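Fold and geometry: a report
These are the residues of each chain, in order.
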Amino acid sequence: MEKENCGVCGAPVEYLTSSRELTCESCGRREKAHAVCSNGHYLCDSCHGAGIRKTIMEMALMTLEKDPFKTAEAMFSQPGLPMLGCEHAVIAAGAFMSAVKNDGRVRVSNGDMGEAFQRLSRQAAGGYCGLTGVCGILPALGACVSILYEARCGKDIEQRLTMEAVTRISAEIVKLTGPSCCKAYVLAGLGVAVDFLRDAAGVALPVQNRTIKCLWSARHPHGCRLDKCPYFDAARYWPVKTPPPAGPC
Ligand SMILES: [Zn+2]
Ligand SMILES: [Zn+2]
């Protein structure tokens, strides 16, 4: 198991239950926040993972893949992606919107993808899955559905469909909680979004495998849920089957 490490000094990050006034080490922003390293360093949401978020957005804009699970898997494999964090909300939106765009039956522009990223940046905040019960993947995929239906506050069925989709995604990812895992949430959320698109718009994306095998179990800072998680790959995770060899003494 690996600790979530400070992006400044590498010390373990502690998650607080009450917010504290903290100053971002990178941009100097001062705000109330809930994650600080044991040496007192804090990185705001904009600065935390800024480089990898840009990489993910560029991948989403460039890929020709129509299977959102394959795109998500490729994004998960990018070096520098933290095990947990709202970079995964960017992955959810990027993988889904790029698949719909590349499929071509529903018109999605690069501008629409940028709009989804902008919207999720307003509501996907690191750690708030535990602090308010709203995981960032909900507004991320909600933004995608809203854009596809041209929903906005005050619209009728369009807003209802958007809220319905988000409610279904929330109902699905809560089954994978205890503790939370952003990667499992992305995959479960994509499954609901793919089904929703098929049922509501008649567009079935060409998905080969929605239960991809997780390569990252050993990195989970809170402890992987192991065989309670549908994406867990016991064959790859040595502590489950083969205990480490005993030392000479
Ligand atoms: Zn630090
Ligand atoms: Zn900052």
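Residues numbered from 1 in each chain as written. Chains lettered and ligands numbered in written order. Predicted model: local features only at pLDDT ≥ 70, side-chain atom pairs only at ≥ 80, totals over all residues. Heavy atoms only, no water.

This brings us to the domain arrangement of the protein chain. Taken domain by domain, the protein chain holds domain 1 (1-48) and domain 2 (50-201). In this complex, domain 1 contributes 7 residues to the contact, which on the side of domain 2 involves 10 residues. The junction of domain 1 with domain 2 conceals about 660 Å² of combined surface from both sides, 40% of it contributed by carbon and sulfur atoms. The tally of links between domain 1 and domain 2 comes to 0 salt bridges. The interface formed by domain 1 and domain 2 contains 7 residue pairs in polar contact (both at pLDDT 80 or more). Split by residue class, the side of domain 1 that touches domain 2 holds 2 nonpolar, 3 polar and 2 charged. (Domains from an automatic or database assignment. Contact = heavy atoms within 4.5 Å. Buried area = accessible area lost by both parts, 1.4 Å probe. Salt bridge = Lys/Arg side-chain N within 4 Å of Asp/Glu carboxyl O. Polar contact = N/O pair within 3.5 Å; in protein donor to acceptor, adjacent residues only side chain to side chain. Nonpolar A, V, L, I, M, F, W, Y, C, P; charged D, E, K, R; others polar.)

This brings us to helix α7 (residues 157-173). A rise of 1.5 Å per residue sets the reference length of α7, with its 17 residues, at 24 Å; its end C-alpha atoms lie 24 Å apart and thus fit the reference within 8%. Looking only at α7, the buried set comprises Thr162, Ala165, Ile169 and Ile173. Buried residues of α7, viewed axially, fall in a sector of 60°; they line one side. The exposed residues of α7 that point more than 90 degrees off its buried face are Arg160, Met163 and Thr167. In this structure, the buried residues of α7 make contact with α6 (137-149) and α8 (182-201). (Helix = DSSP H or I, 4+ residues; strand = E, 2+ residues; numbered from the N terminus. Expected span 1.5 Å × (residues − 1). Buried < 20%, exposed > 50% of the residue type's maximum accessible area, 1.4 Å probe, protein only. Arc of directions from axis to C-beta.)

Those protein atoms acting as donors to the zinc ion (ligand 2) are Cys24 (SG), Cys27 (SG), Cys44 (SG) and Cys47 (SG), and they sit at 2.3 to 2.4 Å. One can describe the site at the zinc ion (ligand 2) as tetrahedral: its 4 donor atoms subtend angles covering 103 to 113° at the metal. Mapped onto the sequence, the residues coordinating the zinc ion (ligand 2) show the spacing C-x2-C-x16-C-x2-C. Pair noted here: Cys24 is in the loop between β1 (13-23) and β2 (30-37) and Cys44 is in the loop between β2 and α1 (50-62), with a separation of 20 residues, a long-range link. (Donors = N, O, S within 2.8 Å, 3.2 Å for Na, K, Ca; no water. Tetrahedral: all angles 85-135°; square planar, octahedral: opposite > 155°, others 65-115°.)

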